[in-house]
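Reading the structure
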Amino acid sequence: MIAINGLGRHNSIPDQHQPDLAAELRSLSGKVYRRTDHFIQLAIIGAHKAAAGHELVPQTAIYMTSGQGNISVFDRICDQRHVRKELPRPVDFINLLSNSAGFYVAGHLGLKGKNLFVSHQHFPVQMALLAVQNDMQLGREQAALIGGVDEWIPRQDLAHTLLGLDQTTVLGEGSNWLLVGKRGKKALAHLAVTPRILDLRQLQQLLATVEPGTSLAFGKRLTAAEIATIMALTKGCPRYCYEEACGYYETLPLYVLTRFLAAEKGRLLHIDVSEERYMLMQVSTQD
Amino acid sequence: MISIIGGELLCALGQGTARIEALRTGQATVGRMAVTLNDRQLSFPYYRLDDTSRLVSTALIDAYLDRVVSGLFHKLALTPSDLGNIGVFLGSSSIDYSLARPIEQAIISGTAGHGHGRRVGGGNYADRLMTRLDLQGLSLTYNTACTSSANALMEAAAMLTGHLIDHALVLGLELFSPTTVEGFALMQLLSPDQLRPFDQHRNGMVLGEAVSAVLLSRHELRPSPWHYLGGQSSCETYSVTGPDPSGVGIARVITAALAAAGLVPGSITAIKAHGTASDSMDLAEMRGMALAFATLPPYFLLKPYIGHTLGGCGVAELVLMMEGLTAGFLPGAPTATILDQEFTAAPLQQGMAVAAGRFMLNYFGFGGNNTSFIIEKSEPPA
């Protein structure tokens, strides 16, 4: 279990165009970041909000995750290569590394610790949190920023294809971050990730142990029937609804946690699914 | 204690005894790769894994990963079913092809491309490998530029230490990408002729391909003289394209890696340098090593044998080092013939007989990524 000390949330459902974040970034940070693109600006904004009001030690680690990373820049490079028959701009080539976003976050916050960009096919947020949880428990890290960053792209048909979703699903973008540390009394909440991927039988066994009153949030890939089945197994636990406030993106679970912790008290169990496999994570403001 | 049970590597240096002989004699085979820049056809030296067409497909990448993993399991007389709770950790600086291909298709055809109704994105290769091998456990994919697979290995070690897994299959993956070659060429970071790390006349990187794997375990799956002692990953923000030329960021990660392994500088037998032959990177590395070590241990280079395999170099160079040491030597690389005047010591020019010791492996990359870890090879039984 790790302590959550700060929250940063940026979430939107763009329409037709990517929002211009440069002005927001300038307003938040008072700085102009040249050579950054939309994905990098998203990352800085979310991390900035999570770190606001906290004195970060320089060794604070960064773990960033994303469903598809900096798609816009790859899209742009492909367009330059295949359609315009032009060479990529060096800045695009450099920013093609999704880890470049971590570089700018570290620079913005004055950090010198570990700076990782990690991915997982099914559960990018949960797996990244698992890595953080392990590092904190081992004492490898004393503090960390963990962020999930996904951008909305104008080419919505392509975005749906990449996500394996039907074309009617409303897509969004977000940059949601937690500042975490060792368990402490001043923490906003504590977080625990179930340290393995579960099958349905294992999920059912765990659900039988959920404490009454725990709110349940479900990943957007769960069907209404699956949610109803799970709710029936949890002895009247209330459902935490967030779905109407956001479009779909892969790192939504971090949005759910930050949204809950910004406004609610109590325990929240987040249940996510991918290809009939499940991962759970729980936050609590009471422990 | 985390053991490295074994490793396997596909690279430009061939296989088996031929590879060891090439390492021993300091000989490598370098081809060339052509790219078109501003209507000019340019050709750069390039270390190709084989002559297979590089119209990369997901199936081709899967085939290389399968080949390297099956080669490793064959060497170790293991099957996937012997490895119950295993993690797969993959490091690569390339964008996942499962993601890249639909985007390219969409651009070329003007349609939405074909996603086959399944989500694609980072983590796809590792997930498919787990499915094909029916491995039970977790996976993570790391993209931290040239430190990707080195970070994958260190994170695997952490998950083993935390008992989240019993075994870890760590993979490094880097295959030819025209975008990558064009990008580095545009930045004038590629040598037109030869890789000469730490040489006064070094003039840039030579890229290469490698697919590599190591199996780590916290159990004695097989007797192994190799152990992971510890390491450190850190970030510096001097420049997105490289470390602070003063070497302070590199010295910091080296010092922290020594501390994480519970070692002092004098206990390092030799250092595997990153040695890209980029002017500023080599300078920063030399200065960083000099700051961290009052007496610099011997250091050696592996990129002259397989090229700079970018995100794959963490595991690829570890396996190559292990193969040399298993044969009783650290390879020399007769490339730095005129040492840069500012440098205090030259890399090994000729092979050095070594039976055992503690070896530091250093990796640095774009995005301010610095990684250093230490491996021990114990004395062979008398």
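What you see is a predicted model; the values in this text were computed from it and never measured.

Observations concerning the overall build of chain A
Scanning chain A from N- to C-terminus turns up 10 helices and nine strands. Scaling as 2.2 N^0.38, a compact globule of 287 residues should have a C-alpha radius of gyration of about 19 Å, and chain A matches this with 19 Å. When the 287 residues of chain A are sorted by exposure, 54% land in the buried category. Of all intrachain contacts in chain A linking residues separated by at least 6 positions in sequence, the fraction that spans at least 24 positions is 77%.

A closer look at the overall build of chain B
Check the secondary structure of chain B and you find 10 helices and 15 strands. For a compact globule of 382 residues, the expected C-alpha radius of gyration is about 21 Å, and chain B comes in at 20 Å, within 12% of that figure. Dimensions of chain B, computed from the C-alpha atoms along their principal axes, are close to 60 × 55 × 40 Å. Residues counted as buried form 59% of the 382 residues belonging to chain B. For chain B, the share of sequence-separated contacts (at least 6 apart) that also reach a separation of at least 24 residues comes to 80%.

Observations regarding the environment of Arg 155 of chain A
With respect to the helices and strands, Arg 155 of chain A occurs in the loop between strand 4 (143-150) and helix 7 (156-163). The spacing of Arg 155 of chain A and Tyr 248 of chain A is 93 residues in sequence and 15 Å in space, taken between C-alpha atoms. Not counting chain neighbours up to four residues away, the residues in contact with Arg 155 of chain A comprise Asp 75 of chain A together with Ala 106 of chain B.

A closer look at unusual backbone geometry
All names here are of chain A. Of note, the phi angle at Gln 16 is positive, near 75°, even though the residue is not glycine. Along the chain, Gln 16 turns up in the loop between strand 1 (2-12) and helix 1 (22-29). Phi angles above zero are rare outside glycine, and Lys 85 is one such case at about 55°. Tracing the sequence through the fold places Lys 85 in the loop between helix 3 (71-83) and helix 4 (90-95). You can call Lys 85 exposed: it has 9 C-beta atoms within 10 Å.

Brief notes about the pairing of strand 1 of chain A
All names here are of chain A. Most of strand 1 is tucked away, with 10 of its 11 residues classed as buried. Looking at chain direction, strand 1 and strand 6 (residues 189-193) are connected through three bridges and run antiparallel. Bridge assignment links Ala 3 to a residue of strand 6, and that residue is His 190.

Re the interface of chain A and chain B
Of the residues lining the interface, 57 residues belong to chain A; the matching set on chain B comes to 55 residues. Of all the elements in the fold, those that place two or more residues in the side of chain A that touches chain B are helix 3, helix 4, helix 5 (99-109), strand 3 (115-119), helix 6 (124-138) and helix 7 of chain A. With eight residues, helix 3 of chain A is the largest single contributor of residues to the side of chain A that touches chain B. By residue class, the composition of the side of chain A that touches chain B is 26 nonpolar, 20 polar and 11 charged. Strand direction decides the pairing type here: strand 3 of chain A and strand 5 (residues 136-142) of chain B, joined by two bridges, are antiparallel.

Some details on the domain arrangement of chain A
Residues and elements named next belong to chain A. Taken domain by domain, chain A holds domain 1 (2-188) and domain 2 (190-284). Placing a centre on the C-alpha atoms of domain 1 and another on those of domain 2 gives a separation of 23 Å. Listed per partner, the contact involves 35 residues of domain 1 and 26 residues of domain 2. Of all elements in the fold, only strand 1, helix 6, strand 4 and strand 5 (173-181) reach the threshold of two or more residues within the side of domain 1 that touches domain 2. A per-class count over the side of domain 1 that touches domain 2 returns 18 nonpolar, 13 polar and four charged.

Here we look at the packing of helix 2 (residues 58-76) of chain B against helix 4 (residues 124-133) of chain B
Residues and elements named next belong to chain B. Two elements in contact, helix 2 and helix 4, have axes separated by 11 Å at closest approach and are oriented at 55°. Taken as axis vectors, helix 2 and helix 4 run oblique relative to one another. As helix 2 packs across helix 4, the resulting crossing turns out to be right-handed. Here helix 2 contributes Ile 61, Asp 62, Leu 65, Asp 66 and Val 69 to the contact with helix 4, which in turn contributes Tyr 125, Arg 128, Leu 129 and Arg 132. For the contact of helix 2 with helix 4, the residue count by class is five nonpolar, no polar and four charged.

Some thoughts on the nonpolar core
If you look at the biggest cluster of nonpolar residues, it comprises 221 residues, and the most contacted ones within it are Ala 43, Tyr 63 and Val 180 of chain A together with Val 170 of chain B. Per-domain counts for this core show at least three residues from each of domain 1 (2-188) and domain 2 (190-284) of chain A. In contact with Tyr 63 of chain A, other than residues within four places in its own chain, are Leu 116, Val 118, Ala 128, Ala 131, Val 132, Ala 144 and Ile 146 of chain A.

Thoughts on the environment of Leu 191 of chain A
Residues and elements named next belong to chain A. With respect to the secondary-structure elements, Leu 191 resides in strand 6. Classification of Leu 191 by C-beta neighbours within 10 Å gives buried; the count is 26. For Leu 191 and Gln 282, which are 91 residues apart along the polypeptide, the C-alpha to C-alpha distance reads 5.7 Å. Here Leu 191 is in contact with Met 1, Ile 2, Ile 4, Val 180, Met 281 and Val 283, once residues within four sequence places are set aside.

Digging into the sheet that holds strand 2 (residues 31-37) of chain B
Residues and elements named next belong to chain B. If you trace the three strands from one edge of the open sheet to the other, you get 2-3-7, paired in mixed fashion. Edge strands, defined here as strands with exactly one partner in the open sheet, are strand 2 and strand 7 (207-208). Pairing between strand 2 and strand 3 (residues 40-47): seven bridges, direction antiparallel. Bridge assignment links Arg 32 to a residue of strand 3, and that residue is Pro 45.

Remarks on helix 7 (residues 248-260) of chain B
All names here are of chain B. With 13 residues, helix 7 extends 18 Å between its outermost C-alpha atoms, agreeing within 8% with the 18 Å of an ideal straight helix rising 1.5 Å per residue. For helix 7, the set of buried residues is Gly 249, Ile 250, Ala 251, Arg 252, Val 253, Ile 254, Ala 256, Ala 257 and Leu 258. Buried positions along helix 7 lie against strand 9 (226-235), helix 8 (279-292), strand 14 (357-365) and strand 15 (369-377). Positive backbone phi, at 70°, marks Gly 262, one or two positions downstream of helix 7.

Section: the packing of helix 2 (residues 38-51) of chain A against helix 5 of chain A
Two quantities define a packed helix pair, namely the angle between the helix axes and the distance between the axes. Residue and element names in this part refer to chain A. Interaxial distance between helix 2 and helix 5 falls to 9 Å at its minimum, and their mutual angle equals 40°. Relative to helix 5, the element helix 2 is oriented oblique. The crossing of helix 2 and helix 5 is right-handed. Across the interface between the two elements, Phe 39, Ile 40, Ala 43, Ile 44, Ala 47, His 48 and Ala 51 of helix 2 pack against Ser 100, Ala 101, Tyr 104, Val 105, His 108 and Leu 109 of helix 5. The residue makeup of the contact of helix 2 with helix 5, split by class, is 10 nonpolar, three polar and no charged.

Cut-off values and rules
Residues numbered from 1 in each chain as written. Chains lettered and ligands numbered in written order. Predicted model: local features only at pLDDT ≥ 70, side-chain atom pairs only at ≥ 80, totals over all residues. Helix = DSSP H or I, 4+ residues; strand = E, 2+ residues; numbered from the N terminus. Rg over C-alpha atoms; globule rule 2.2 N^0.38 Å. Buried ≥ 20, exposed ≤ 12 C-beta atoms within 10 Å, placed from the backbone. Contact = placed C-beta atoms within 7 Å. Pairing = 2+ DSSP bridges. Nonpolar A, V, L, I, M, F, W, Y, C, P; charged D, E, K, R; others polar. Domains from an automatic or database assignment. Axes fitted to C-alpha atoms, helices over the stretch in contact; angles between N-to-C directions. Parallel < 35°, antiparallel > 145°, perpendicular 65-115°, else oblique. Left-handed = near helix turned anticlockwise from the far one by under 90°. Core = buried A, V, L, I, M, F, W, Y, C linked by C-beta atoms within 7 Å. Expected span 1.5 Å × (residues − 1).

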